Amino acid sequence: MRCGGTALPARLLTLAALALFFLGLFRVPVSFLRLSVVFLGCLVLLLTLRWKRCQKRRETDFANALCATIDALSEGREPENDRPFEDTQLSKVQGKLMQYHDRTREGQWQSETDKQTIQELVSDISHQVKTPIANLRMFTDLLCQQELTAKKRAEFLGTLTEQVNKLDFLMQSLIKMSRLEAGTFALHMEDARLGDTIAQAVGSVLAAANRRRIQIDVECDGKETVRHDPRWTAEALGNLLDNAVKYTPEGGSIRIRVCPWQFYTRIDIEDTGIGISPAHHNDVFQRFYREQTSAAQEGVGLGLYLARGIITRQKGYISLQSEEGKGSVFSVFLLR
């Protein structure tokens, strides 16, 4: 006998009542009717007891299956009794447990990833601030402990100022990086003229470019508008231009071209610098990455990392074309 639903006893009683009703329609002896009542009553009782035993067994099997599923998930195994395509109460509950387990596991993985990222970030920050702080301490001790001429003291004070500026630049870069990674900076997207944003970015590196006699040419339609955040996009383009100025020899040139496409607007920043080996095209966008050939240049290795993060959060992307000794072309793609 298969166990039915919870309405089985009521159905049995209804059938027994109907049977007695039909017997009453016929002229049957009272003794037979009494025997029928007793028989039907015993039958209903036996069937009800059997049904209760089946229900208890079903509940036990259901509980055991759930316990087996929870044990498997707790041990990191796939449940052996998982039947996701069956239309049963057990499969429905197991499905919900699997969803909860997957979300919990995803949360744990994200938490471990964040923890590892924080550890790497703290390690990187401590490594980056170690040198300027050591220099500040050394020159401060020299100024305090030794009798120096006015010329030497002024030289040391100038070096101290330079180290303070480097430390300030580093801390500002780290703050921007932390805001970028935490997603705490707000983008204010608007339809703005791209020429104004490029002009702001060029203005941030113009003094350095003039000192190195590097010419910057811009090809952009003044009426070209793109939906973007002018402030942060200027920051990203400024980082790319700063990188170009640093690694372009004196007397070189930088060319900025704006090419409207159907879905994107492309901004090419081309320089006549030292170039980048194709093997390191992905590395240059990693935080704190400094190629050995560029160790002599100022910087902390965050400019390109920040530029890519800012553009990516505007649903754009940056590509790189470069070879050693042949200059570089950084292409920024912004959605129109």
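Just so it is clear, the model here is predicted, and its values are computed rather than measured. (Residues numbered from 1 in each chain as written. Predicted model: local features only at pLDDT ≥ 70, side-chain atom pairs only at ≥ 80, totals over all residues. Heavy atoms only, no water.)

Before we move on, can you summarise the overall build of the protein with the specific residues and values?
Of the regular secondary structure elements, the protein holds seven helices and seven strands. Listing every helix and strand of the protein by position from the N terminus yields α-α-α-α-β-α-β-β-α-β-β-α-β-β. Evaluated residue by residue, the protein yields a buried proportion of 34% over its 336 residues. Residue pairs at least 24 apart in sequence account for 71% of intrachain contacts in the protein once pairs closer than 6 positions are excluded. When the accessible surface of the protein is summed, it comes to about 21700 Å², and 55% of that surface belongs to carbon and sulfur atoms. (Helix = DSSP H or I, 4+ residues; strand = E, 2+ residues; numbered from the N terminus. Buried < 20%, exposed > 50% of the residue type's maximum accessible area, 1.4 Å probe, protein only. Contact = heavy atoms within 4.5 Å. Areas by Shrake-Rupley, 256 points an atom, 1.4 Å probe, with all protein chains shown as cover.)

Would you mind going over the sheet that holds strand E5 (residues 264–271) in detail, with residue names and values included?
Strand order in the open sheet formed by five strands is E2-E4-E5-E7-E6, and the pairing between neighbours is mixed. The open sheet has two free edges, formed respectively by strand E2 (215–219) and strand E6 (317–322), since each of these has just one partner strand. Between one strand axis and the next, the sheet turns by 15° as a mean value, whatever way the strands run. With six bridges joining them, E6 and strand E7 (residues 328–335) adopt antiparallel strand pairing. In the strand pairing of E7, Leu320 is matched with Phe330. (Pairing = 2+ DSSP bridges. Axes fitted to C-alpha atoms, helices over the stretch in contact; angles between N-to-C directions.)

Please give an account of the pattern of salt bridges that cites residues and values.
If you walk through the whole model with that rule in mind, you get 13 salt bridges. Between Lys326 and Glu323 there is a salt bridge; the shortest N-O distance is 3.4 Å. Under the relative-accessibility criterion, Glu323 is labelled partly exposed at 42%. One continuous salt-bridge network, built from bridges that share partners, spans Arg257, Arg266, Asp268 and Glu270. (Salt bridge = Lys/Arg side-chain N within 4 Å of Asp/Glu carboxyl O.)

Tell me about the packing of aromatic side chains, residues and numbers included.
Overall, the coordinates contain six aromatic pairs when judged by the stated rule. Between the aromatic rings of Tyr317 and Phe333, the centroid separation amounts to 4.5 Å while the plane-to-plane angle is 10°, which identifies the pairing as stacked. Of the two residues, Tyr317 is situated in strand E6 and Phe333 in strand E7; the sequence distance between them amounts to 16 residues. We classify Tyr317 as partly exposed; its relative accessible area is 36%. Residue classification places Phe333 among the buried positions, given a relative accessible area of 5%. Among the aromatic residues, those joined into a cluster by ring pairs are Trp261, Tyr264, Tyr317 and Phe333. (Phe/Tyr/Trp six-rings, centres within 6.5 Å; stacked < 30°, edge-to-face > 60°.)

Describe the pairing of strand E3 (residues 225–228), and please don't skip the residues or the numbers.
Burial along E3 is one-sided: the face carrying Val226 and His228 is buried and the face carrying Thr225 and Arg227 is not. Summarising the sheet, strand E1 (residues 190–193) and E3 pair through four bridges and their orientation is antiparallel. Bridging from a neighbouring strand, Asp191 pairs with Arg227 of E3.

Which residues make up the nonpolar core, and what values go with them?
Judged by nonpolar contacts, the single largest core of 49 residues is most densely connected at Leu240 and Ile267. Leaving out residues up to four positions away in the same chain, Ile267 has contacts with Leu194, Ile198, Leu237, Ile256, Arg257, Val258, Phe330, Ser331, Val332 and Leu334. (Core = buried A, V, L, I, M, F, W, Y, C linked by side-chain atoms within 4.5 Å.)

Tell me about the environment of Lys246, and please be specific about residues and values.
As for its placement among the helices and strands, Lys246 is situated in helix H6 (residues 230–246). Each C-alpha atom of the pair Lys246 and Ala209 lies 8.6 Å from the other, and the pair is 37 residues apart in sequence.

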